[in-house]
Structures are given as C-alpha cells and as structure tokens.
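So you can see what is in the structure, the chains are spelled out below.
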Amino acid sequence: MTESISGFFTEDHRQCDRLLAACEAEISAKAWQAADEAAIAMRDGLLHHFALEEEILFPELEQANPAAEGPTGVMRMEHQQIRQLLEDLAAAVRARDADTCLGDLETLHMLGQQHNAKEEGILYPLADRSLQDGAEALIERLRAA
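Residues numbered from 1 in each chain as written. Predicted model: local features only at pLDDT ≥ 70, side-chain atom pairs only at ≥ 80, totals over all residues. Heavy atoms only, no water.

Caption draft 1: Quick peek at the packing of helix α2 (residues 32-64) against helix α3 (residues 69-94). Contact geometry for α2 and α3: axes closest at 11 Å, N-to-C directions at 165°. Considering their axes alone, α2 and α3 lie roughly antiparallel with respect to each other. The interaxial crossing formed by α2 with α3 has left-handed handedness. Looking at the contact of α2 with α3 residue by residue, the classes come out as 15 nonpolar, two polar and eight charged. (Axes fitted to C-alpha atoms, helices over the stretch in contact; angles between N-to-C directions. Helix = DSSP H or I, 4+ residues; strand = E, 2+ residues; numbered from the N terminus. Parallel < 35°, antiparallel > 145°, perpendicular 65-115°, else oblique. Left-handed = near helix turned anticlockwise from the far one by under 90°. Nonpolar A, V, L, I, M, F, W, Y, C, P; charged D, E, K, R; others polar.)

Caption draft 2: The arrangement of the state of the cysteines in detail. Here the structure, examined in full by the defined rule, presents zero disulfides. Of the cysteine sulfurs around cysteine 16, a residue in no disulfide, the closest is that of cysteine 23, at 12 Å. The closest cysteine sulfur to the non-disulfide-bonded cysteine 101 is located on cysteine 23, 7.2 Å from its own sulfur. (Disulfide = S-S within 2.5 Å.)

Caption draft 3: Spatial organisation of the packing of aromatic side chains. Counted under the stated rule, the structure contains two aromatic pairs. For the ring pair phenylalanine 8 and phenylalanine 9, a centre distance of 5.1 Å and an interplane angle of 85° mean the geometry is edge-to-face. Judged by relative accessible area, phenylalanine 8 falls into the buried class, the value being 9%. For the ring pair phenylalanine 9 and tyrosine 124, a centre distance of 5.1 Å and an interplane angle of 25° mean the geometry is stacked. (Phe/Tyr/Trp six-rings, centres within 6.5 Å; stacked < 30°, edge-to-face > 60°. Buried < 20%, exposed > 50% of the residue type's maximum accessible area, 1.4 Å probe, protein only.)

Caption draft 4: Spotlight on the side chain of histidine 79. Within the secondary structure, histidine 79 is located in helix α3. On the basis of relative accessibility, which here comes to 0%, the residue histidine 79 falls in the buried class. A polar contact is formed between the side chain of histidine 79 and the side chain of glutamate 53, at a distance of 2.8 Å. Apart from the residues lying within four places of it in its own chain, the contact partners of histidine 79 are Phe50, Glu53, Glu54, Phe58, His115 and Glu119. (Polar contact = N/O pair within 3.5 Å; in protein donor to acceptor, adjacent residues only side chain to side chain. Contact = heavy atoms within 4.5 Å.)

Caption draft 5: Looking closely at the environment of lysine 30. By the element assignment, lysine 30 lies in the loop between α1 (5-28) and α2. For lysine 30, a relative accessible area of 54% puts it in the exposed group. Each C-alpha atom, one on lysine 30 and one on arginine 96, is 8.1 Å from the other, the two residues being 66 residues apart in sequence.

Caption draft 6: Up close: the nonpolar core. Ranked by size, the top nonpolar core spans 22 residues in total, and within it Cys23, Ile27, Met42, Leu89, Leu105 and Leu108 carry the most contacts. If you list the elements that add at least two residues to this core, you get α1, α2, α3 and α4 (98-130). Here this core gets seven residues from one element, more than from any other, and that element is α2. Not counting the four nearest positions on each side in its chain, isoleucine 27 is found in contact with Trp32, Ala35, Leu89, Val93, Ala98, Cys101, Leu102 and Leu105. (Core = buried A, V, L, I, M, F, W, Y, C linked by side-chain atoms within 4.5 Å.)

Caption draft 7: Seen up close, the pattern of salt bridges. Enumeration according to the criterion identifies ten salt bridges in this entry. Two residues, arginine 18 and glutamate 11, come together in a salt bridge whose shortest N-O distance is 2.8 Å. Among the residues examined, glutamate 11 registers a relative accessible area of 43% and is labelled partly exposed. Between arginine 14 and glutamate 120 there is a salt bridge whose closest N-O contact spans 3.0 Å. Pair noted here: arginine 14 is in helix α1 and glutamate 120 is in helix α4, with a separation of 106 residues, a long-range link. The exposure class assigned to arginine 14 is partly exposed, which follows from its relative accessible area of 28%. (Salt bridge = Lys/Arg side-chain N within 4 Å of Asp/Glu carboxyl O.)

This is the structure:
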C-alpha cells in the first residue's frame, strides 16, 4: 500500500515535536552550547517542513482543488507566526535567557499543536482525497526535497 500524504506529513510533525522537546531539555539544563545546536536543528526542521508544504503540497492541492486556498492561506499565516517565534527564540538563546526561551518554547508548542491538529484533521485528509491519483509521485518529490 502506498504511503498517504497525511502519513508523510504527520510523521514529519512528530519529528518536529521531538526536536522541540530536545531543545527544551537543553535549555532547561542550561546547556547553552547544546541548546544553540538544538534550537538550530528545530528551526531547520520546522522551516524544511514549511517549505515542503508551501512550495510543493499547497500549490499542488490548490491546483487540484481551488477551495483549498482558504485553509492553505490560514496555514501560511500560521507558518509566519511560528517563524517569528523561532526568531524570538534564537534571540533568547543567544542572550542565554532561559525563562524567555522556555516561554517561547511553550508558545511554540501550543501553537504547533493547534496548527498540526488543523493540518492533520482537515488539510492533509483533503490532500489525500484531492491528490490521490498522484500521491505516490508527490511523496517521492517531498522525500527528495
């Protein structure tokens, strides 16, 4: 059986969650060198995830189903909010401000969970239905990106 678009992106969400948890652990321990690396890894993972959606999935979905432009527009806006939080977190890590870092991570976690629930509950199932004929090729493109 072919992997679903939902399955691909849901697993990527879990990976991003693991990166956030690792970052939080290093900051909580005030292991600042490791926290720097963990924050960069988390940022890179999230930005890569957003790029897969914004550059590959969303355009394909919008072309196949123009009604998807509403939900994808909301997701793009939320991606921008998360990008800003990642910048705020990076500044707090550079400042070695554990309290601000942990607050930013808590906000990222909360926004991320709400965002992921919308994608996993609405957007990805819509993509599975709308793009089912080309799902295998799409997932190959996503894996190669």
